[in-house]
Amino acid sequence: MNNLLKDSEKITSLYAKHINPGLAKLISFAGFGVEQRGEGCYVYDQDGKKYLDLLGSYGVFALGHRHPKVTEAVKNQLDILPLSTKVFFNQTQAELAQKLSELTNHLLTYTFFSNSGAEAVEAALKFAKIGTKRNKLISTKGGYHGKTLGSLSVTGREKFRTPFEPLLSGIEFAPFGDIAALEKIIDSNTAAVIIEVVQGEGGIHVAPEGYFKSLRELCTKFGTYLIIDEVQTGVGRTGTFFGYEQEGITPDIITLAKALGGGVMPIGATMGTKEVWEKVFAENPLVHTSTFGGNPLACRAALATIEVIEKENLLDAVVQKGSKFIKGLNQIQEQFPRILKEVRGRGLMCGVEFSVPDSAELTIVQLLKRGVLAAYTLNNPFVIRIEPPFTIEESDIDFALNAIHDSVEEVQSLLQSIGVI
Ligand SMILES: Cc1ncc(COP(=O)(O)O)c(C=O)c1O
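Calculation criteria
- Residues numbered from 1 in each chain as written.
- Predicted model: local features only at pLDDT ≥ 70, side-chain atom pairs only at ≥ 80, totals over all residues.
- Heavy atoms only, no water.
- Helix = DSSP H or I, 4+ residues; strand = E, 2+ residues; numbered from the N terminus.
- Rg over C-alpha atoms; globule rule 2.2 N^0.38 Å.
- Buried < 20%, exposed > 50% of the residue type's maximum accessible area, 1.4 Å probe, protein only.
- Areas by Shrake-Rupley, 256 points an atom, 1.4 Å probe, with all protein chains shown as cover.
- Lys, Arg positive; Asp, Glu negative; His and termini not counted.
- Charge placed at Lys NZ, Arg CZ, Asp CG, Glu CD.
- Domains from an automatic or database assignment.
- Contact = heavy atoms within 4.5 Å.
- Buried area = accessible area lost by both parts, 1.4 Å probe.
- Salt bridge = Lys/Arg side-chain N within 4 Å of Asp/Glu carboxyl O.
- Near = heavy atom within 4 Å.
- Polar contact = N/O pair within 3.5 Å; in protein donor to acceptor, adjacent residues only side chain to side chain.
- Nonpolar A, V, L, I, M, F, W, Y, C, P; charged D, E, K, R; others polar.

Attention now goes to the overall build of the chain. Looking only at helices and strands, one finds 16 helices and 17 strands in the chain. Here the C-alpha radius of gyration of the chain, 22 Å, is about what a compact globule of 421 residues would show, namely 22 Å. Considered along the principal axes of its C-alpha atoms, the chain spans approximately 65 × 55 × 45 Å. Counting the 421 residues in the chain, one finds 54% classified as buried. Put simply, the chain shows about 19000 Å² of open surface, and 55% of that area lies on carbon and sulfur atoms. Each charge sign in the chain was given a centre, from 42 positive and 48 negative side chains, and these centres are 3 Å apart.

Next up, the structure:
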């Protein structure tokens with residue numbers, strides 16, 4: 001079996017036969033092989049070729065691959081109690097909940113633990129419904145919150161939604177960053193507004209200054225919960241531990257996942273204020289549960305992750321490295337304005353918007369050839385997202401920017417040669 005699994009063609013065919021034929025075609029077409037090993041900012045394929053990971057599994061690898069402090073914490077926990085009985089108190093879960101509360105200055109005091117971003121969103125939506133005893137939810141066009149039935153219902157892309165309709169009822173969408181549009185649809189039946197602080201899969205959009213303050217005021221006025229989905233922005237990605245901190249607001253509920261497990265364990269978390277929790281769990285403490293949520297391995301990984309971020313001053317690194325990326329990307333955009341429209345971002349969550357159909361995909365293939373991993377945003381194929389580990393070296397940023405420059409140059413000349421531009 002080991003020999004079989006070493007053979008990349010066989011692995012591709014096992015994907016086609018037993019996992020997802022279309023996906024197998026897509027991965028092969030883009031030129032990806034079989035991942036073998038990850039270390040720091042690099043991933044190695046079956047041939048030992050190394051790739052600089054600018055994608056970071058859509059934001060998971062904030063500390064890179066296999067950060068030694070996180071793997072050590074998880075290995076130690078593995079020898080004591082990997083999963084929870086669910087009937088005893090668990091020390092690791094309690095410590096993590098306390099630490100997360102501390103990171104919100106004890107404003108969002110409580111945490112419900114799960115295993116993924118979509119699960120964290122499901123919990124947030126349920127908490128809003130039971131907490132307000134209302135049904136209506138508002139989300140944003142292009143917003144991405146997951147693909148389970150509930151989280152898909154607030155995900156703003158038709159392509160993913162249509163095959164599963166009817167989804168949850170009572171959901172309306174406003175354009176991201178447009179407070180006037182939101183004002184028109186929010187009312188006293190609105191349970192919650194769910195929104196990302198920087199719209200990730202929609203194409204890395206930063207809202208205009210003051211938008212979140214106005215949104216907070218509107219939600220307070222109508223007794224509506226403000227849910228900030230921090231699945232991608234949380235755990236330092238934008239330069240503060242939570243993205244909402246930079247907006248000068250306090251949400252009622254936030255969701256976390258992706259980077260919280262330090263790139264070693266999957267974990268999801270839904271945090272809320274005391275007021276929210278009193279309403280959600282008042283009548284039934286088991287109203288929402290998860291077998292694996294809050295398991296000791298995942299919580300230990302999260303605690304180690306937070307410790308690394310704090311001890312290594314990684315939030316400062318995110319700000320400084322993010323501005324280096326943005327500056328370099330802007331210079332590239334100025335050189336290739338015929339296919340590059342705009343560069344956007346905050347911290348190490350950067351996006352490059354292309355103006356010509358398929359040019360982002362072509363650039364991703366070129367980047368792969370040059371040993372750089374990247375992907376476009378799920379709800380907007382015109383935007384390549386750049387979300388490297390916070391630990392990326394300056395020399396790797398230079399390498400990445402050169403690779404992006406050369407890839408864009410090659411794509412532009414191809415598009416010129418076939419008369420597309
Ligand atoms: C903001 C946001 N919310 C929710 C999710 C869903 O997370 P998961 O894929 O872990 O279910 C994502 C995933 O990209 C996300 O970016």
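That was the structure; now back to the text.
Splitting the chain by domain gives domain 1 (31–60 + 313–417) and domain 2 (68–311). The gap between the C-alpha centroids of domain 1 and domain 2 is 27 Å. Each partner contributes residues to the interface: domain 1 has 27 residues there, and domain 2 has 34 residues. Here domain 1 packs against domain 2, burying approximately 2500 Å² in sum over the two surfaces, 55% of which is carbon and sulfur. There are three salt bridges connecting domain 1 and domain 2. Note that Glu201 and Arg385 form a salt bridge whose closest N and O atoms lie 2.4 Å from each other.

Here the focus is the site of the ligand. Taken together, the neighbourhood of the ligand is formed by Ser116, Gly117, Ala118, Tyr144, His145, Gly146, Glu196, Glu201, Asp229, Val231, Gln232 and Lys258. Taking Asp229, its side chain carries an N or O atom lying 2.7 Å from a nitrogen atom of the ligand. Contact between the ligand and Lys258: an oxygen atom at 3.0 Å from a side-chain N or O atom of the residue. Here the ligand, which alone exposes 390 Å², has 83% of that area covered by the protein. Here the residues of the shell around the ligand are counted per class, giving three nonpolar, five polar and four charged.

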